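As a plain string of letters, each chain reads:
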Amino acid sequence: MATLRAVDVIGRKRDHDELSVEELGFVVGGYLGGQVSEGQMAALLMAGVLNGFSDAEALALTDILVGSGATLDLSALPGPTVDKHSTGGVGDGTTLLVAPLLAAAGAQVVKLSGRGLGHTGGTLDKLESIPGFRTVLEPAQLTGIARDVGCVVAAQTDELVPADRALYALRDETGTVASRALIASSVMSKKLAAGAGTIVLDVKAGNGAFLETEEQARELARLCVRIAEAAGRRSVALVTAMETPLGQGIGNALEVSEAVGLLRAAPRAGRRSRLAEVALELAARGLALARGGGAWVEETRGELAGLWSSGDALERLRAMISAQGGDPAVCDDPGKVLPTAPVVREVPADATGWVSALPARAVGEIAAVLGAGRASKGDPVDPAVGLELAVDVGDRVERGQPLAVVHARSDAAAQQAADRLTTLVAIAETAIAPAPTLLDVIHD
């Protein structure tokens, strides 16, 4: 091949051509090494977003990103290794349930998570609301905790996929995040580098997700599963609804408290918890596949429900928190351990009827404005503030009944959040059937 130039590669993508592995590797490597300018890399990303990257380019880019750094070796761990990823949403504390559930069943989970941005929450922010909890761990610490406890949740190390970190920052600044191929390669490069043999994905669809339509979510799920299979990993993806918040807690300490409460209560008849439903399904699908039989989901689901009811999953969460320096007493009484906001205010319903809309994105934005989220990556978060939802779509409410509880730093902030939430929660005169949460399951 003739000597490559970044301007020629950009021109080919501008003209709708499919780039080769060599061309993609040249540009990404050149960007990391300083031979390809930020402007050139941004131009290539924009051309790809506008004209489309193919699935072949997505697979090639994933390999390039993985090869830019180190990978974790989990081969010495005794049980099947399982990793889980969610594309992000509101009230999504599934990792806090899925990781200890899988560990209780004999799997090892090394989960490298991220921080929240905008209206979406981040698992690291949630866990760091537990006093003393450490998310920055060395590779040997990650595998050691996974071996001894069964699960560990921490920040991505500097050595893993540095090219993705550099490209993601540029995509965020240049409005080039919204590309199926770029999202898939970013997500899967981190999953592949983390070393698990089985990867279970939760791809969100709806107004609170990055992908608003079910078909967009299905296409991304299919591509992610294809990338995993091409790399020799087992993978399954759930497509789940994010029209309304998944859990009742929206905010870091509030979501930890909800997860602990769910693990303490165990699955039971009564009020529906969509958070518990999705977490159990993710764990069941991932564990069944890791054991080599994706068709055994029903049996695996029952096994995990038993481990949940017995308290074994809660004890795994307690052990993980202790191993990572956190206060394990949070598993006994979250209210005595987690930070609390000075202002707590109920938001009453202004009409009688059935809840017909509770938009996830707007609810997440309210929590972010209170301080639970961040506008840019370096912003601090307030672990104590947020919302506790008391209703879900389809619920019957009476005028004056609490719709939610606001946790805020000031009376003014609490009132602003309460006023905004009142306008968001739509109450209809006729009964509304809640929409399903699990929309699809994508296999190889």
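Coordinates for the structure precede this section.
Residues numbered from 1 in each chain as written. Predicted model: local features only at pLDDT ≥ 70, side-chain atom pairs only at ≥ 80, totals over all residues. Heavy atoms only, no water.

Side note on the environment of Ala404
Mapped onto the elements of the fold, Ala404 is located in strand E11 (residues 402-408). Along the backbone, Ala404 and Val343 are 61 residues apart, and their C-alpha atoms lie at a distance of 14 Å. Every residue in contact with Ala404, bar those within four places of it in the chain, is listed here: Arg345, Glu346, Val347, Glu388, Leu389, Ala390 and Leu421. (Helix = DSSP H or I, 4+ residues; strand = E, 2+ residues; numbered from the N terminus. Contact = heavy atoms within 4.5 Å.)

With respect to the pattern of salt bridges
Taken as a whole and assessed by the stated rule, the structure comprises 27 salt bridges. Of the charged contacts in the structure, one is a salt bridge between Glu303 and Arg291, with a shortest N-O distance of 2.7 Å. Within this pair, whereas Glu303 is found in helix H13 (residues 297-310), its partner Arg291 is found in the loop between helix H12 (274-290) and H13, the two being separated by 12 residues in sequence. The exposure class assigned to Arg291 is partly exposed, which follows from its relative accessible area of 36%. For Arg345, the salt bridge identified is with Asp411, shortest N-O distance 3.4 Å. Here Arg345 is found in strand E7 (residues 343-348), whereas its partner Asp411 is found in helix H17 (residues 411-424), with 66 residues between them in sequence. Note on Arg345: relative accessible area 23%, which makes it partly exposed. A single salt-bridge network, built from bridges that share partners, covers Glu281, Arg285, Glu298 and Arg301. (Salt bridge = Lys/Arg side-chain N within 4 Å of Asp/Glu carboxyl O. Buried < 20%, exposed > 50% of the residue type's maximum accessible area, 1.4 Å probe, protein only.)

With respect to the packing of helix H8 (residues 162-174) against helix H9 (residues 180-194)
Put simply, H8 and H9 touch, their axes get as near as 11 Å, and they point 145° apart. Crossing of H8 over H9 shows left-handed handedness. Across from Asp164, Tyr168 and Arg171 in H8, the residues of H9 making contact are Leu182, Ile183, Ser186, Ser189 and Lys190. Here the contact of H8 with H9 is composed, by residue class, of 3 nonpolar, 2 polar and 3 charged. (Axes fitted to C-alpha atoms, helices over the stretch in contact; angles between N-to-C directions. Left-handed = near helix turned anticlockwise from the far one by under 90°. Nonpolar A, V, L, I, M, F, W, Y, C, P; charged D, E, K, R; others polar.)

A short note on the packing of helix H2 (residues 21-33) against helix H4 (residues 55-67)
Orientation of H2 relative to H4, taken along the N-to-C sense of each, is 45°, at an axis distance of 10 Å. Here H2 lies oblique to H4, going by the angle between them. Classified by chirality, the crossing of H4 by H2 is right-handed. The residues of H4 that touch H2, namely those facing Val21, Leu24, Gly25 and Val28, are Glu57, Ala60, Leu61 and Ile64. Looking at the contact of H2 with H4 residue by residue, the classes come out as 6 nonpolar, 1 polar and 1 charged. (Parallel < 35°, antiparallel > 145°, perpendicular 65-115°, else oblique.)

As far as function goes, none of this settles anything; it's purely spatial.
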